[in-house]
Amino acid sequence: MAIWRLVKNSIRFAFRAKKRWITFVIIFALLSAFVTLFVSTFNGYSTEKLMAQKGFYIKAAGTSENAGTVTEQQGNNFYEEIIALSQVEKVTLFRYFDLGDSVRIFSVEPDSRWMLLEAKPSKIVDGKYITKDNEALVSLDASITADIGNISASLSATLHKGEVLSFKKDNNELDITIVGEIEDTINAPGKFKLFVSDTTFDQIQEFYSDNSPVFCYSIAILVKGDLFKPFNHDIKNNIETLSPQSSIIWINPDDPSETSEYGVWAEPIVPDARASEKQRLTDFLYFFVGILGGMILVLLYNALIVWFRKREIAVLRAMGYKKREIRINLLGESLTISLLGFIIGLSAMLIYFWTQGLTFTNQVITPLTLLISFGIVVGLSIPGLLISSVSFTRVNPILLFKAR
Amino acid sequence: MSSNAILKCEKVTKIYRRGRSESVYALKDIDLEIRPGEIIMIAGPSGSGKTTLLNILSGLDKPTKGKIFFNISKASDKFKVKGLDEEPIKKQKFIDITQWDEKQLTEYRRYNVGFIFQAWELIPTLKAIENVESSLYPLDIPIGEIRERAKKLFRKVQLFDKENAFPDQLSGGEQQRVAICRALIKEPKIVFADEPTGNLDSETGEQILRQMKLISREGAAVVLSTHNLELRKFADRVIRLHDGQITY
């Protein structure tokens, strides 16, 4: 009961503070943001860079007019072999087929939206990524100009976000809503590109099963391993093991002995393992700088809080407060300020990145990262104040008898 | 030793060292007896030792020589239960507080002593009533009772409708009355007031002293220091200090 009253009192100390306490909230908010950056929560391991850290990407050769040298069956064979490897966490196969001369339809996975580099969320110019079946992304400002038989755009020749594309055959009808427009970087000039989920892709393809062979556009491989573990080389080792540069035959697309089975694959985009390692070391250095800077600031703040509250400490000591009770009072205030700063700083960062259109996976904001950031900004207040306790035990209530 | 005294000091001397060899006597051989319900005014010019004497009597400082006896039989009941750990001590009537360590002196102040300072020393982030209640926050007293006691004191010192005001919204006289309430809420046996009227105009100062007179009638001894001898009409006894010695 008494302890709760002291805690409540300390929160009053914090919230009814003058400008300097607001200043400290801002300082802690900035600290939270920087520490979080230092531990590379956002900038180092954003989903946009996840492929460069944990995976690589293999494209089918000939993505222009003579595209489609890798058939769906060949792609599936490749998929099956890769997914069976112990180093692999996830494999995603991206397929496509041409509908007439002017339309190319791609399959993408809403759950692995970042794995197809040409259709990742940051390429979206307007709207959002598909989240379910019967939704589609379209290439920006692409128009359906050719004779495409039984496909009709609902409102205009150029499809935009919010419009509905209807596929009709016999008595069947499939309506697909355009949810976003995407920057077109796929080398297939003059073609209108449509990106849909695997299920919708299969449904559309079924409409045209007689004359629309399916090809594999690319394959993305994600290796196993935790992102933020400075001394853990799992990712690096797994990438090296799986790298097409190595001697492992089943992922060497250029090996002639495999072409009959897998088709011809273009030169893969391979993450630079050495660069990746260097980045990790830099991040680790930042991590230490973050921890060190955070520790110094938190300890400094707790020393300052004792200095700022010198007369209040003297009053409490004169009234007969025990050292433990004064410590609770100061710790409550310190924790309130740092916690408030932590919440504001982290929220501000999340909002900022959200407004910038950056997306995250669950792997980015890990509990460990949050724990580290929280530990530095808020948790360190406890040892910080215990160290500063030495200062307040020196505060002598006699100073109250002297005029201000 | 008078059995009626609550606090008694014998040959209390306080020496400050200046440099390596020079000794300054802040207090010299002070003998003093404080009885419940009386107002003792310690008067003297600046540097006469008034504040040093208050510091020592209140347990904030220790004398270089001499003894200060506290009458346990007149101590707060809670102090008898919680503040005195050892049974042999509990059985004594007078105990020399100069032998106590910091922890015991904290207990002594916690239950028996109230302070009123010249600069009031209210906590700026707490409302007036919270400043008063804060004296009792660490004690196991229900918050309802604490609030009731505080409100009663506010009425007694005529601080109507000022409970929720912050210190900087109060006049000097009002702040001093809040400080008085804060000193009294724990029902201390002795109240030490250091120049309580020093920052107030004469009329407000006299009002404050009248309220202190009321406090003493309820049984608490009041020891106040001042350099203004015109206020002696409010005191039961006046002790004049000069160069650390009582001159009467």
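This report concerns the structure included in the present document. This is a predicted model, so every value here is computed, not measured.

1. Focus on the overall build of chain B
Next up, step 1: If you tally the helices and strands in chain B, you get eight helices and ten strands.
Next up, step 2: For chain B, with 248 residues in total, the buried portion stands at 58%.
Next up, step 3: Within chain B, counting contacts between residues at least 6 apart in sequence, those at least 24 apart form 73% of the total.
Next up, step 4: Carbon and sulfur atoms provide 44% of the accessible area of chain B, an area that totals close to 10800 Å².

2. Remarks on the sheet that holds strand S10 (residues 245-246) of chain B
All names here are of chain B.
Next up, step 1: The six strands are arranged S6-S7-S8-S3-S9-S10 in an open sheet whose pairing can be described as mixed. Edge positions in the sheet fall to strand S6 (113-116) and S10, since each of these pairs with one other strand and no more.
Next up, step 2: Two elements, strand S7 (residues 190-194) and strand S8 (residues 221-226), share five bridges in a ladder whose sense is parallel. Counted as the bridge partner of alanine 193 is leucine 224 from S8.
Next up, step 3: Each of S6 and S7 touches helix H7 (residues 172-184); the most contacted strand, S6, lies at about 170° to it.

3. Focus on unusual backbone geometry
Residues and elements named next belong to chain B.
Next up, step 1: The phi dihedral of lysine 11 falls on the positive side, at around 50°, and the residue is not glycine.
Next up, step 2: Secondary-structure assignment places lysine 11 in strand S1 (residues 7-18).
Next up, step 3: In this structure, glutamate 121 is a non-glycine residue whose phi angle is positive, near 55°.
Next up, step 4: Among the secondary structure elements, glutamate 121 is positioned in the loop between S6 and helix H5 (128-133).

4. Some words on a nonpolar patch on the surface
Next up, step 1: On the surface, a nonpolar cluster with roughly 400 Å² of combined accessible area is contributed by A:Ile22, A:Ile26, A:Leu30 and A:Phe34.
Next up, step 2: With respect to the helices and strands, the residue A:Ile26 is situated in helix H2 (residues 19-38).

5. Quick look at the interface of chain A and chain B
Next up, step 1: Tallying the contact residues gives 28 residues for chain A and 35 residues for chain B.
Next up, step 2: Carbon and sulfur atoms supply 58% of the area that chain A and chain B bury against each other, a total of about 2900 Å² over both sides.
Next up, step 3: The tally of links between chain A and chain B comes to five salt bridges.
Next up, step 4: Residue A:Lys322 pairs with B:Glu107 through a salt bridge whose shortest N-O separation is 3.3 Å.
Next up, step 5: Elements that contribute at least two residues to the side of chain A that touches chain B include exactly helix H1 (2-15), helix H9 (310-319) and helix H10 (323-355) of chain A.
Next up, step 6: When residues in the side of chain A that touches chain B are grouped by element, the largest group, seven residues, is from H9(A).
Next up, step 7: Looking at the side of chain A that touches chain B, its residues break down into 14 nonpolar, three polar and eleven charged.

6. Some words on the packing of aromatic side chains
Next up, step 1: Summed over all chains, the structure comprises 14 aromatic pairs over all chains.
Next up, step 2: Judged by centre distance (5.2 Å) and plane angle (85°), the rings of A:Phe106 and A:Tyr217 are edge-to-face. Highlighted residues: A:Phe106 in strand S3 (residues 103-108) and A:Tyr217 in strand S10 (residues 215-223), separated in sequence by 111 residues.
Next up, step 3: Residue classification places A:Tyr217 among the buried positions, given a relative accessible area of 1%.
Next up, step 4: Members of the aromatic cluster, connected to one another through ring pairs, are A:Tyr96, A:Phe106, A:Phe195, A:Phe215 and A:Tyr217.
Next up, step 5: Over the ring of B:Tyr25 we find B:Lys28; its NZ or CZ atom is 4.9 Å from the centre of that ring.

7. Looking at the pattern of salt bridges
Next up, step 1: For the structure shown, the criterion picks out 29 salt bridges over all chains.
Next up, step 2: Between B:Glu130 and A:Arg12 there is a salt bridge, with its nearest N and O atoms 3.2 Å apart. With B:Glu130 in helix H5 and A:Arg12 in helix H1, the pair connects residues from two separate chains.
Next up, step 3: Note that A:Arg309 is salt-bridged to A:Glu312, the shortest N-O span being 3.1 Å. A single burial state applies to A:Arg309 and to A:Glu312, both of which are buried.

8. Describing the side chain of B:Thr197
Next up, step 1: Structurally, B:Thr197 can be placed in the loop between S7 and helix H8 (202-217).
Next up, step 2: Contact partners of B:Thr197, with chain neighbours within four places excluded, come to B:Gly205, B:Leu209 and B:Leu231.

9. A closer look at helix H6 (residues 234-242) of chain A
Next up, step 1: Buried within H6(A) are the following residues: A:Ile235, A:Asn238, A:Ile239 and A:Leu242. What you see down the axis of H6(A) is that its buried residues fit within an arc of 100°, all on one side.

10. Description of the sheet that holds strand S5 (residues 94-96) of chain B
Residues and elements named next belong to chain B.
Next up, step 1: Read from one edge of the open sheet, four strands run S2-S1-S4-S5, paired in antiparallel fashion. Edge positions in the open sheet fall to strand S2 (22-34) and S5, since each of these has one partner strand only. Taking each pair of neighbouring strands and ignoring which way they run, the sheet shows an average axis angle of 25°.
Next up, step 2: Both strand S4 (residues 65-71) and S5 contribute to a ladder of three bridges, which runs antiparallel. Paired with asparagine 71 across the strands is phenylalanine 94, a residue of S5.
Next up, step 3: Packing of helix H1 (residues 50-57) onto the sheet brings it into contact with S1, S2 and S4, and relative to S2 it is tilted by some 60°.

11. Points about the environment of A:Lys168
All names here are of chain A.
Next up, step 1: Relative to the helices and strands, lysine 168 is located in strand S7 (residues 164-169).
Next up, step 2: For lysine 168, a relative accessible area of 41% translates into the label partly exposed.
Next up, step 3: Separated by 39 residues in sequence, lysine 168 and phenylalanine 207 place their C-alpha atoms 8.3 Å apart.

12. What about the nonpolar core?
Next up, step 1: Counting residues in hydrophobic clusters, the biggest one holds 76 residues, and the most contacted among them are B:Leu7, B:Ile34, B:Phe70, B:Tyr108, B:Phe192 and B:Met212.
Next up, step 2: Sequence-distant contacts of B:Leu7, defined by excluding residues within four places in its chain, comprise B:Leu32, B:Glu33, B:Ile34, B:Leu57, B:Ile68, B:Phe69, B:Phe70, B:Tyr108, B:Ile190 and B:Phe192.
Next up, step 3: Ranked by size, the runner-up nonpolar core spans 38 residues in total, among them A:Ala14, A:Ile305, A:Tyr321 and A:Val378.

13. Thoughts on the pairing of strand S9 (residues 192-197) of chain A
Residue and element names in this part refer to chain A.
Next up, step 1: Burial analysis of S9 places six of its six residues in the buried class, which makes it a mostly covered element.
Next up, step 2: Examined bridge by bridge, S3 and S9 share six bridges and lie parallel to one another. Counterpart to phenylalanine 106 in the pairing with S9 is phenylalanine 195.
Next up, step 3: Across three bridges, the pairing between strand S5 (residues 135-139) and S9 is antiparallel. Bridging across to S9, valine 138 finds its partner in leucine 194.

14. Let's talk about H9(A)
Residue and element names in this part refer to chain A.
Next up, step 1: Extensive coverage of H9 is indicated by the burial of eight of its ten residues.
Next up, step 2: Residues Glu312, Ile313, Ala314, Val315, Leu316, Arg317, Ala318 and Met319 constitute the buried set of H9.
Next up, step 3: Looking one or two places after H9, you find glycine 320, whose phi comes out positive at around 100°.

Here is what the cut-offs are and how they apply
Residues numbered from 1 in each chain as written. Chains lettered and ligands numbered in written order. Predicted model: local features only at pLDDT ≥ 70, side-chain atom pairs only at ≥ 80, totals over all residues. Heavy atoms only, no water. Helix = DSSP H or I, 4+ residues; strand = E, 2+ residues; numbered from the N terminus. Buried < 20%, exposed > 50% of the residue type's maximum accessible area, 1.4 Å probe, protein only. Contact = heavy atoms within 4.5 Å. Areas by Shrake-Rupley, 256 points an atom, 1.4 Å probe, with all protein chains shown as cover. Pairing = 2+ DSSP bridges. Axes fitted to C-alpha atoms, helices over the stretch in contact; angles between N-to-C directions. Patch = residues over 30% accessible without salt bridge, like charges linked within 9 Å, V, L, I, M, F, W, Y side chains within 5 Å. Salt bridge = Lys/Arg side-chain N within 4 Å of Asp/Glu carboxyl O. Buried area = accessible area lost by both parts, 1.4 Å probe. Nonpolar A, V, L, I, M, F, W, Y, C, P; charged D, E, K, R; others polar. Phe/Tyr/Trp six-rings, centres within 6.5 Å; stacked < 30°, edge-to-face > 60°. Lys NZ or Arg CZ within 6 Å of the ring centre and 35° of its normal. Arc of directions from axis to C-beta. Core = buried A, V, L, I, M, F, W, Y, C linked by side-chain atoms within 4.5 Å.

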